[in-house]
Amino acid sequence: MTRPLLIAIDGPAASGKGTLARRLADYFHLPHLDTGLTYRAVAHMLMEKGWPLDDEAHAIEAAKLVDLGRLDKHALSAHAVGDAASRVAVIPEVRKILVGKQRAFARQPSGAVLDGRDIGTVVCPDANVKLYVTASAKVRAMRRLRDIESRGGSADFAEILADIERRDARDMGREDSPLRPAEDAHLLDTSEMSIETAFLAAKALIDKALSSGSTA
Ligand code: C5P
């Protein structure tokens, strides 16, 4: 009997975890959930209605309405929405509702890849393989800037770096499910790695877990 392959990927903003998660999901033919989009969806609903991001009652209502099949990646990808998401993500009841939906996704018989901040620690503590993807704040700010520029936008490097450092502090410092590596996570510092190198390193770790029978 083998149990489904469940891969948990965590890390700070712009660490490359999303790209890596998509590559691994493609390679292993697994469904993928970017859990950051669920927090972004809540923030986006509040922003559209003009409600404050610390309006807990409305944030909870919005979390209940999040439909994993209807996450509009394009509308949710804006840098400002990511920052707003980290504000609603401190509300424990919002987390509870979204974690319930994320766990349901993770339980698919096919297995799955989930990426976020608390996948290895809270959402899927029983995942077969846990990766904690990181990179220096400067490298992450540069990646974010290039990403914005590649979509025709413009931004200031120092501002992006300050945003990233503020978001790290909020995500690592919150009381409920702070960002931290699970004890059994493999650390992958991508500061000096290409996507391809990071993918090969992650694939090697997963192959090793598969052959040592952690999916058995
Ligand atoms: O990964 P992304 O930048 O889309 O996440 C946006 C915000 O959502 C994060 O800064 C974090 O505060 C929150 N988040 C979270 N737990 C997750 C995924 C994202 O708290 N599993």
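Residues numbered from 1 in each chain as written. Predicted model: local features only at pLDDT ≥ 70, side-chain atom pairs only at ≥ 80, totals over all residues. Heavy atoms only, no water.

A few words on the pattern of salt bridges. In a structure, side chains of opposite charge can pair up when their charged atoms sit close to one another. Under the criterion given, the structure shown has 14 salt bridges. Among the ionic pairs, lysine 64 bridges to glutamate 61, the shortest N-O distance being 3.6 Å. Here glutamate 61 and lysine 64 lie together in helix 3 (residues 56-65), a separation of three residues that amounts to about one turn. One salt bridge connects arginine 174 with aspartate 171, and the closest N-O pair in it is separated by 3.6 Å. Looking at arginine 174, the relative accessible area reads 9%, which means it is buried. By relative accessible area, which is 4% here, aspartate 171 ends up buried. A cluster of three or more residues bridged by salt bridges with shared partners is formed by Asp83, Arg87, Asp163, Arg166 and Arg170. (Salt bridge = Lys/Arg side-chain N within 4 Å of Asp/Glu carboxyl O. Helix = DSSP H or I, 4+ residues; strand = E, 2+ residues; numbered from the N terminus. Buried < 20%, exposed > 50% of the residue type's maximum accessible area, 1.4 Å probe, protein only.)

What follows deals with the domain arrangement of the protein. Domains assigned within the protein are domain 1 (1-31 + 111-208) and domain 2 (34-107). A separation of 18 Å is found between the C-alpha centroids of domain 1 and domain 2. Together, the buried faces of domain 1 and domain 2 total about 1,800 Å²; carbon and sulfur atoms form 49% of this surface. Where domain 1 packs against domain 2, one counts three salt bridges. We note a salt bridge from arginine 166 to aspartate 83, for which the minimum N-O separation is 3.9 Å. In this structure, the connection of domain 1 to domain 2 is made through eight residue pairs in polar contact (both at pLDDT 80 or more). Looking at the side of domain 1 that touches domain 2, the elements with two or more residues in it are strand 3 (112-116), helix 7 (119-123) and helix 9 (157-173). When residues of the side of domain 1 that touches domain 2 are assigned to their parent elements, the largest contribution, six residues, is made by helix 9. Residue classes in the side of domain 1 that touches domain 2 are distributed as ten nonpolar, two polar and twelve charged. (Domains from an automatic or database assignment. Buried area = accessible area lost by both parts, 1.4 Å probe. Polar contact = N/O pair within 3.5 Å; in protein donor to acceptor, adjacent residues only side chain to side chain. Nonpolar A, V, L, I, M, F, W, Y, C, P; charged D, E, K, R; others polar.)

All right, on to the site of the ligand then. Neighbouring the ligand are 15 residues, the closest being Arg40, Arg95, Asp118, Arg167 and Asp171. Aspartate 118 is positioned such that a nitrogen or oxygen atom in its side chain is 2.8 Å from a nitrogen atom of the ligand. Within the side chain of arginine 167, a nitrogen or oxygen atom sits 2.8 Å from an oxygen atom of the ligand. When isolated, the ligand has an accessible area of 450 Å², and the protein chains bury 96% of it. When residues of the shell around the ligand are traced back to their parent elements, those giving at least two are helix 2 (36-49), helix 5 (79-88) and helix 9. Per-element tally for the shell around the ligand: the top contributor is helix 2, with three residues. Counted by class, the shell around the ligand contains three nonpolar, four polar and eight charged residues. Mapped onto the domain boundaries, the shell around the ligand takes at least three residues apiece from domain 1 (1-31 + 111-208) and domain 2 (34-107). (Near = heavy atom within 4 Å. Areas by Shrake-Rupley, 256 points an atom, 1.4 Å probe, with all protein chains shown as cover.)

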